[in-house]
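Here are the chains, one letter per residue:
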Amino acid sequence: MADKILKEIIDRYPRERRYALAVMQDMQRHYSYIPREGLELLAGHVGCKVAELYSMATFYKALSLKPRGKHIIKLCNGTACHIRGSVNLINGINRELGIAPGETTEDGEFTLELVNCLGSCALAPVMVVDETYYGKMTLEKLPSILGEYRKEAK
Amino acid sequence: MTRTVLVCCGTGCLANGSKAIADKFEALIAEKKADARTECFVKRTGCNGFCENGPLVKIMPDDIIYYKVKLSDVEEIIDTTLIGGKPVERLLYKDDKGRPVTKQEENPFYAPQLKTALRNIGFIDPLKVEDYLAAGGYEGLKKALTMTQDEIIEEVKQSGLRGRGGAGFPTWRKWQTAREQNAEVKYVGCNGDEGDPGAFMDRSVLEGDPHTVLEGLAIAALAVGAEEGFLYIRDEYALAVKNVTAAIKDAEAHGFLGDNVMGSGRKIKFSVVRGGGAFVCGEETALIASVEGKVGEPKPRPPFPAIKGAFGAPTTINNVETLANLPVILRDGGKKFASVGTEGSKGTKVFALVGKVKRTGLVEIPMGVTLRHLIYDIGGGIQGDRPFKAVQTGGPSGGCIPENMLDLPVDFDTLKAKGAMMGSGGMIVMDDRSCMVEVARYYIEFLAEESCGKCTPCREGLRQMLGILTDICEGRGKKGDIELLESIGEMMQDACLCALGKTAANPVLTTIKYFRDEYEAHISGHRCPAGVCTALTSFKVEADKCKGCTMCAKACPVGAVSGEVKKPHKIDPAKCIACGSCREACRFGAIATEGRKGK
Ligand SMILES: Cc1cc2nc3c(=O)[nH]c(=O)nc-3n(C[C@H](O)[C@H](O)[C@H](O)COP(=O)(O)O)c2cc1C
Ligand code: SF4
Ligand code: SF4
Ligand code: FES
Ligand code: FES
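Only a predicted model underlies this, so the values are computations on that prediction, with no experimental measurement involved.

## Points about the overall build of chain A
Each helix and strand in chain A was counted, giving seven helices and four strands. The order of helices and strands in chain A, counted from the N terminus, is α-α-α-α-β-α-α-β-β-β-α. Seen through its principal axes, chain A has C-alpha atoms that stretch 50 × 35 × 20 Å. Going through the 154 residues of chain A one by one, you find that 50% of them count as buried. Only carbon and sulfur atoms are counted for the fraction: they give 52% of the accessible area of chain A, which is about 7,200 Å². Averaging the positions of the 21 positive and the 19 negative side-chain charges in chain A gives two centres separated by 4 Å.

In structure tokens:
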């Protein structure tokens, strides 16, 4: 099953090394991480070593080799958000969910990611859960927003 | 008559629900058609730069602009403005004296701006090539097709255009080098990586006016003699990738790109390469490595990319904003472009004015305008009328500029002479509640993560600086730390391979230069004057200023504030985590800070 989807993603691109990053980005988008089989199939497709793709996957920040949570919390720590208090929000999320940036909750519900400027600095500090933007975030708003996603999970 | 409703659908306004607003306008206008004597169209535009007050809705030709529009306002706008021809007063912007303003040019945020790179954004639908054409689009390319390579380069030389990606390298000179190469294949590239963690100028152009970037890149292709080009856009910029990809298709369908450009027999093909989100990939040699499908690490120069770049072929890389200026230069002439700006820096520059200013957003102003004008007139001054402390320009490679330098003109050369730089356009304003040591730590942490690690001075220098700065912020600073930071910084300026490492110490060196006392307060005074570093700050309520409004108690995430309504409140130091939320919430300035607990 997974193999079929992976094949389909890989076959969108010609068998050239220069498309490796694009393929990995597509896998990332579909699975929200890059499965091991994906790297192996891709290495066969473009004719390079798995290790080379592995080093690309660790170099580019947007790519992840670990499965992630059902809800992705992207907290902007770009400069504008930083000086308007994003660090407090990192700590707040840690208090609420017990996860630090890059980590996933034990129940697999949430992953916290720190990102750089989301292009909405005017609304700083900004948090995005899945696709929904929350601007001018405060610690006060945090519990109820996260609560909504928790409720959904039940 | 016809009226157009321009609904801002840039990232900021979309985040505030502008898509639903545009949909509702379309649906209701169709429904109400019978009562309107005018014909109305809805247009979805790119970012108007004033996202903080979004969603924005403009009505043309009345030239009325509404801010913070809600779904529930749509019907009233249709009835009052589209049908009735009158403005809805409560949705207008209030200027500094509280007067409502109707027109965009009357808004103090927009009034001093002069738009070249952003000229079309907010007026055209980025997905419609007809809109771009109606605004004079592809005229520059048309003209370039009638010129020789040298004539194009000469025109750009006359304009004085320098690269907007940060370094300010003269565009014509880079092109000249690539043009002189005798090679079968050459490439032109657009740098849309925008790695500065606090900026979004290029994104706004790519999203809001993709054809102008394509036209600029096509002009570059003609000048250097390339038939192929790529636009490197970071993958996180999903809307930018989508709009540029669609624009390429459209431009090919209309013959502005493809095998026979505007019937000239010339071939120009572009493709989009999605970047992997690494800051160093914005450096042109790393960008090229990334385009080739490799790990994006910089290479030593020479050879310069204009001689040996992508896949070994001569390659010129230009920034998005640089390219967006080119159609205007070719269309209206280099001389006209050069009539704006200063001696060494011609034209306008786009800035992302953010941080602790009242009006934040994207602004485009002539080169040479002072920082003070930018921050106080356009930005409206500091939030809450607090004292200004510094402005950080140039992103992680830039520096912090103190108050006594606010009257300096903003251009490529002036700020550089002061140890800072204009950079690609990030402009972050800080007040007395921003800690300069912590800001330096923030940038160094960012760079330590983003350094590709290829050269030791960069990798190790950043690691060491980060350790020292973290110690200072967490209350473990030692005598001699400042001098050590300075010597590491100077070593890196000399020894690193690429500009990431060479400029990485700028935020540290400039904050030490202009705010040394703040470093010293952390190290020997055991206090963070801004009240930011939690280990060196304790919060208390000043009883005589406290009105007992309870705002602080509501804002505290850990229940450390107690008190009765209308009576002075109290902070329990054992519970307080020094987050500062109460201080932000208090409207009477009753929350004060001191140094480390027990000092
Ligand atoms: C670490 C680093 C990051 C850079 N990031 C960018 C970037 O995000 N966008 C950009 O246009 N230029 C960036 N540059 C500058 C490019 O190397 C290059 O000078 C620029 O794209 C040339 O275009 P221009 O002459 O039109 O400015 C970066 C440079 C360095 C050293
Ligand atoms: S200076 Fe830093 S980022 Fe640049 S090549 Fe060296 S290690 Fe990599
Ligand atoms: S600083 Fe934060 S934790 Fe301390 S009293 Fe104020 S709001 Fe509460
Ligand atoms: S810094 Fe957070 S959106 Fe720009
Ligand atoms: S997105 Fe609408 S003003 Fe920026």
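## Concerning the overall build of chain B
What chain B contains, in helices and strands, is 22 helices and 19 strands. The C-alpha atoms of chain B give 26 Å as radius of gyration, which agrees with the globular expectation for 599 residues (25 Å, within 12%). With respect to the principal axes defined by its C-alpha atoms, chain B has extents near 80 × 70 × 40 Å. Looking at chain B alone, contacts between residues at least 24 apart form 70% of all its contacts between residues at least 6 apart. Computed over 79 positive and 78 negative side-chain charges, the inter-centroid distance for chain B is 3 Å.

## Focus: the site of ligand 1
All names here are of chain B. Around ligand 1, the surrounding shell holds 18 residues, and the nearest of these are G165, N191, G195, N319 and T322. Take G195: an N or O atom from its main chain is 3.0 Å from an oxygen atom of ligand 1. The protein chains hide 89% of the 610 Å² of surface that ligand 1 would expose on its own. Of all the cavities here, the one that holds ligand 1 is the second largest pocket.

## What about the site of ligand 2?
Surveying the vicinity of ligand 2 reveals 13 residues, the closest of which are B:C452, B:K454, B:C455, B:C458 and B:C498. Among the residues forming the shell around ligand 2, the class breakdown is nine nonpolar, three polar and one charged.

## A short note on the pattern of salt bridges
Pairs may arise between side chains of opposite charge once their charged atoms sit close together. Residue and element names in this part refer to chain B. Counting across every chain of the model gives 50 salt bridges over all chains. Residues D131 and K43 are paired through a salt bridge, measuring 2.8 Å at the closest nitrogen-oxygen approach. Of the two residues, D131 sits in helix 4 (residues 129-134) while K43 sits in strand 2 (residues 39-45), which places them 88 residues apart along the sequence. The exposure class of D131 is buried, given its relative accessible area of 12%. Ionic pairing is found between R516 and E520, a salt bridge with its closest N-O pair at 3.7 Å. Remark: E520 and R516 occur in helix 20 (residues 506-523); sequence separation between them is four residues, near one turn of the helix.

## Some thoughts on unusual backbone geometry
All names here are of chain B. Omega for the bond connecting M60 with P61 falls within 30 degrees of zero, at 5°, which places this linkage in the cis form. With respect to the helices and strands, P61 occurs in the loop between strand 3 (57-60) and strand 4 (64-66). A cis geometry characterises the amide bond from P302 onward to P303, with omega recorded as 0°. The topology assignment puts P303 in the loop between helix 11 (284-291) and strand 10 (315-319). Within the chain, F311 stands out as a residue other than glycine whose phi angle is a positive 50°.

## Considerations on the interface of chain A and chain B
With 35 residues of chain A in contact, the opposing surface of chain B contributes 52 residues. Overall, the association of chain A and chain B removes approximately 3,600 Å² of surface from exposure, summing both partners, and the carbon and sulfur fraction of that is 55%. Summed over the three residues of chain A that lose the most area to chain B, namely A:F59, A:T79 and A:I83, the buried surface amounts to 18% of that side. At the junction of chain A and chain B, the tally comes to three salt bridges.

## So, the side chain of B:T503
Tracing the backbone shows B:T503 in helix 19 (residues 499-503). Engagement of the side chain of B:T503 in a polar contact is seen with the side chain of B:S397, the distance being 3.5 Å.

## Considering the sheet that holds strand 1 (residues 71-76) of chain A
All names here are of chain A. The strand order 2-1-3-4 describes an open sheet built from four strands, whose pairing is mixed. Each edge of the open sheet carries a strand with a single partner, namely strand 2 (110-115) and strand 4 (132-134). Neighbour to neighbour, the strand axes of the sheet diverge by 20° on average, direction disregarded. Here helix 6 (residues 86-97) sits on the sheet in contact with strand 1, strand 2 and strand 3 (127-129), set at roughly 155° to strand 1.

## Considering the environment of A:A20
Residue and element names in this part refer to chain A. On the secondary structure map, A20 appears in helix 2 (residues 20-31). Put simply, A20 and C48 are 28 residues apart on the chain and 9.8 Å apart in space, counted from C-alpha to C-alpha. Setting aside residues no more than four positions away along its own chain, A20 makes contact with L42 and L53.

## Quick word on the layout of surface pockets
Residues and elements named next belong to chain B. Of the voids in this model, the second largest pocket is the one considered here, and its volume is about 1,400 Å³. Considering the residues around the second largest pocket, the lining is formed by 50 residues, among which G165, G166, A167, G282 and A499 are closest to the centre. Put simply, the parts of the chain that give the lining of the second largest pocket at least two residues each are helix 7 (171-180), strand 10, helix 15 (412-417) and helix 19. Looking at the lining of the second largest pocket residue by residue, the class counts come to 17 nonpolar, 19 polar and 14 charged.

## What to know about the domain arrangement of chain A
If you check the domain split of chain A, you get domain 1 (4-59) and domain 2 (71-153). Measuring from the centre of the C-alpha atoms in domain 1 of chain A to the corresponding centre in domain 2 of chain A gives 29 Å.

## Describing the pairing of strand 7 (residues 187-192) of chain B
All names here are of chain B. Among the six residues of strand 7, six are classified as buried, and the element is accordingly described as predominantly covered. Of the two faces of strand 7, the one lined by Y187, G189 and N191 and the one lined by V188, C190 and G192 are each fully buried. By the bridge criterion, six bridges tie strand 7 to strand 8 (residues 228-234) in an arrangement that is parallel. What sits directly across from N191, in strand 8, is Y232. Pairing geometry for strand 7 and strand 10, over five bridges, is parallel. Each residue of the ladder has a partner; that of N191, found in strand 10, is N319.

## Brief notes about the packing of helix 16 (residues 436-450) of chain B against helix 17 (residues 456-473) of chain B
Residues and elements named next belong to chain B. At a minimum axis separation of 9 Å, helix 16 and helix 17 run at an interaxial angle of 150°. One element, helix 16, and the other, helix 17, form an angle in the roughly antiparallel class. Here helix 16 runs over helix 17; the crossing is left-handed. Counting all contacts with helix 16, which are made through V437, E438, A440, R441, I444, E445, L447 and A448, the residues of helix 17 involved are L462, M465, L466, L469, T470, I472 and C473.

## Focus on the nonpolar core
Counting 83 residues, the largest nonpolar core has B:I152, B:W175, B:L214, B:L231 and B:F270 as its most contacted members. Not counting the four nearest positions on each side in its chain, B:I152 is found in contact with B:A144, B:M147, B:W175, B:I219, B:L222, B:A223 and B:L330. Formed by 69 residues, the second largest nonpolar core is a distinct cluster that contains A:A20, B:Y187, B:M465 and B:I468.

## Section: helix 3 (residues 74-83) of chain B
Residues and elements named next belong to chain B. Of all the residues in helix 3, the buried ones are V74, I77, I78, T81 and L82. Within helix 3, the buried residues cover an arc of 110° as seen down the axis, which keeps them to one side. Note on helix 3: the residue one or two positions beyond its end, G85, has a positive phi of about 70°.

## Quick look at the packing of aromatic side chains
All names here are of chain B. Under the defined criterion, the tally for this structure stands at 14 aromatic pairs over all chains. A ring pair is formed by F50 and Y110, whose centres lie 5.9 Å apart and whose planes are at 80°; its orientation type is edge-to-face. Linking F50 in the loop between strand 2 and strand 3 with Y110 in the loop between strand 6 (100-101) and helix 4, this pair joins segments that are 60 residues apart in sequence. Taking relative accessible area as the criterion, Y110 reaches 4% and is therefore assigned buried. Across the ring face of Y237, the terminal group of R203 is positioned such that the distance to the ring centre comes to 4.6 Å.

Here is what the cut-offs are and how they apply
- Residues numbered from 1 in each chain as written.
- Chains lettered and ligands numbered in written order.
- Predicted model: local features only at pLDDT ≥ 70, side-chain atom pairs only at ≥ 80, totals over all residues.
- Heavy atoms only, no water.
- Helix = DSSP H or I, 4+ residues; strand = E, 2+ residues; numbered from the N terminus.
- Buried < 20%, exposed > 50% of the residue type's maximum accessible area, 1.4 Å probe, protein only.
- Areas by Shrake-Rupley, 256 points an atom, 1.4 Å probe, with all protein chains shown as cover.
- Lys, Arg positive; Asp, Glu negative; His and termini not counted.
- Charge placed at Lys NZ, Arg CZ, Asp CG, Glu CD.
- Rg over C-alpha atoms; globule rule 2.2 N^0.38 Å.
- Contact = heavy atoms within 4.5 Å.
- Near = heavy atom within 4 Å.
- Polar contact = N/O pair within 3.5 Å; in protein donor to acceptor, adjacent residues only side chain to side chain.
- 1 Å grid on protein atoms, 1.4 Å probe; cavity = no way out; pocket = protein on both sides within 12 Å on 5 of 7 lines; lining within 4 Å.
- Sits in = over half its atoms within 2 Å of the grid points.
- Nonpolar A, V, L, I, M, F, W, Y, C, P; charged D, E, K, R; others polar.
- Salt bridge = Lys/Arg side-chain N within 4 Å of Asp/Glu carboxyl O.
- Buried area = accessible area lost by both parts, 1.4 Å probe.
- Pairing = 2+ DSSP bridges.
- Axes fitted to C-alpha atoms, helices over the stretch in contact; angles between N-to-C directions.
- Points joined across faces, edges and corners; volume = space filled by probe spheres on them.
- Domains from an automatic or database assignment.
- Parallel < 35°, antiparallel > 145°, perpendicular 65-115°, else oblique.
- Left-handed = near helix turned anticlockwise from the far one by under 90°.
- Core = buried A, V, L, I, M, F, W, Y, C linked by side-chain atoms within 4.5 Å.
- Arc of directions from axis to C-beta.
- Phe/Tyr/Trp six-rings, centres within 6.5 Å; stacked < 30°, edge-to-face > 60°.
- Lys NZ or Arg CZ within 6 Å of the ring centre and 35° of its normal.

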